[in-house]
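Structure at a glance
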Amino acid sequence: DQTIPHYLDYPLKSRKEWEEIFKPRLNPDDPRRVPDVDWPAIHARFAASGHPVCLFMDGYMGWLRNLMGFEEFAMLPYTDMDLFEEMVETLTQIKLACLDRIAGKIKLDYVQYWEDICYKNGPIVDPKAFRQVVCPRMKRVNDRLREEFGCKLISLDSDGDFRTLLDGWIESGVTVFMPCEVDANLDINELQQQYGSRCGFLGGIQKKALAEGKEAIRTELRRVLPAVKRGGYLPHLDHACPSNVPLDNYRYYIQMKREILGCA
């Protein structure tokens, strides 16, 4: 409850709010989206640091869900498919315009998308609408990231059970998925067996185990050990660390990660 937003109302309710309030502000050519800065100096600083450079791309659906609410967004492909497609296309044009502004000026090591549009029983977006509307547009952006920016590591964050959408995302160019929530019936070993040759994963460790004590922590880490040995997987909590986890338990978790999994 301390980290989950609670909404009183949602500002985007229909085409009316989209056309009158939101779309006018979503001009992909607005120069304020990417500031006019000393890009050679920024590139040199990044290169000298030795740190990977990440471009956060937000998403195509999670942002809309936040503005519309769970139910309105879930019903949108059925109530107004044209509006759903127009919204996703607008966000796509913004991403492409931003890439125009930084092309040839910065080297990208990886890209991060955020798309929280799944819950424990599956996606809240219609899978057919996702395939028809989102996947082709995401592929346009990801193809450019690979071909023009040389970016091969494209990561996507979606809570819940995202398995229904995985094939579409992979075909669109996503290469890494997180957080692989255990409470959404996701098992990192099963995910690897089914998709491990096509993508990688991050997360997959039951966060609630940290509050249960040392034995539960060791048991959970041993559960994901086969996935670590297979590779293509970075073991991590399957979301933020809960507030009821004692600091000593978290320290023990880090210690056991080193001893059992060979990593921190």
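Residues numbered from 1 in each chain as written. Predicted model: local features only at pLDDT ≥ 70, side-chain atom pairs only at ≥ 80, totals over all residues. Heavy atoms only, no water.

Along its length, the protein carries 11 helices and eight strands. Taken over the C-alpha trace, the protein has a radius of gyration of 20 Å; the compact-globule value for 264 residues is 18 Å, and the two agree within 12%. With the C-alpha coordinates aligned to their principal axes, the bounding extent of the protein is approximately 55 × 45 × 35 Å. In the protein, once contacts between residues fewer than 6 apart in sequence are set aside, the share between residues at least 24 apart is 76%. Here the protein displays about 13,900 Å² of accessible surface, and carbon together with sulfur accounts for 52% of that area. The protein carries 35 positive and 40 negative side-chain charges, and their two centres are separated by 5 Å. (Helix = DSSP H or I, 4+ residues; strand = E, 2+ residues; numbered from the N terminus. Rg over C-alpha atoms; globule rule 2.2 N^0.38 Å. Contact = heavy atoms within 4.5 Å. Areas by Shrake-Rupley, 256 points an atom, 1.4 Å probe, with all protein chains shown as cover. Lys, Arg positive; Asp, Glu negative; His and termini not counted. Charge placed at Lys NZ, Arg CZ, Asp CG, Glu CD.)

Turning next to the pattern of salt bridges. This model, assessed by the stated rule, comprises 24 salt bridges. For the salt bridge of Asp167 with Arg198, the shortest nitrogen-to-oxygen distance reads 2.7 Å. Placement of Asp167 in helix H7 (residues 163-171) and of Arg198 in the loop between helix H8 (188-195) and strand S7 (200-205) is noted, with a sequence separation of 31 residues between them. With a relative accessible area of 28%, Asp167 lands in the partly exposed category. Across the pair Asp248 and Arg251 runs a salt bridge whose closest N-O atoms are separated by 3.7 Å. Separated by three residues within a single helix, Asp248 and Arg251 lie in helix H11 (residues 247-261), roughly one turn from each other. Judged by relative accessible area, Asp248 falls into the exposed class, the value being 56%. (Salt bridge = Lys/Arg side-chain N within 4 Å of Asp/Glu carboxyl O. Buried < 20%, exposed > 50% of the residue type's maximum accessible area, 1.4 Å probe, protein only.)

Another point: the packing of aromatic side chains. The geometry of two aromatic rings is summed up by the distance between their centres and the angle between their planes. Under the counting rule described, the total for this entry stands at nine aromatic pairs. Seen in terms of ring centroids, Trp169 and Phe177 are 6.1 Å apart; in terms of plane orientation they differ by 40°. Their pairing is tilted. Of the residues examined, Trp169 reaches a relative accessible area of 0% and is grouped as buried. When the centroid spacing of 6.4 Å and the interplanar angle of 40° are considered together, the rings of Phe177 and Phe201 count as tilted. Placement of the pair is Phe177 in strand S6 (residues 176-178) and Phe201 in strand S7, with a sequence separation of 24 residues. Pairwise contacts between aromatic rings join Phe130, Phe162, Trp169, Phe177 and Phe201 into one cluster. Positioned above the aromatic ring of Tyr60, the side-chain terminus of Lys95 is 4.9 Å from the ring centre. (Phe/Tyr/Trp six-rings, centres within 6.5 Å; stacked < 30°, edge-to-face > 60°. Lys NZ or Arg CZ within 6 Å of the ring centre and 35° of its normal.)

This brings us to the state of the cysteines. Summed over all chains, the structure comprises zero disulfides. Left without a disulfide partner, Cys180 is nearest to the cysteine sulfur of Cys199, which lies 8.5 Å away. Cys241 takes part in no disulfide bond, and the closest cysteine sulfur to it belongs to Cys263, at a distance of 16 Å. (Disulfide = S-S within 2.5 Å.)

The next thing to look at is helix H10 (residues 214-230). Here H10 contains 17 residues, and its C-alpha end-to-end distance of 25 Å stays within 8% of the 24 Å for a straight helix at 1.5 Å per residue. Residue Val224 marks the point of greatest curvature in H10, where the axis turns by about 35°; the proline Pro226 follows within four residues. Considered for burial, the residues of H10 that qualify are Ala216, Ile217, Glu220, Leu221, Val224, Leu225, Ala227 and Val228. Lining the buried residues of H10 we find H8, S7, helix H9 (209-212), strand S8 (233-237) and H11. Following H10 by one or two positions, Gly231 has its phi on the positive side, about 90°. (Expected span 1.5 Å × (residues − 1). Bend = angle between axes of the 7 residues up to and from the residue.)

Moving on to the environment of Gly196. Checked against the element boundaries, Gly196 lands in the loop between H8 and S7. Classification of Gly196 as partly exposed rests on a relative accessible area of 38%. For Gly196 and Gly232, which are 36 residues apart along the polypeptide, the C-alpha to C-alpha distance reads 7.1 Å.

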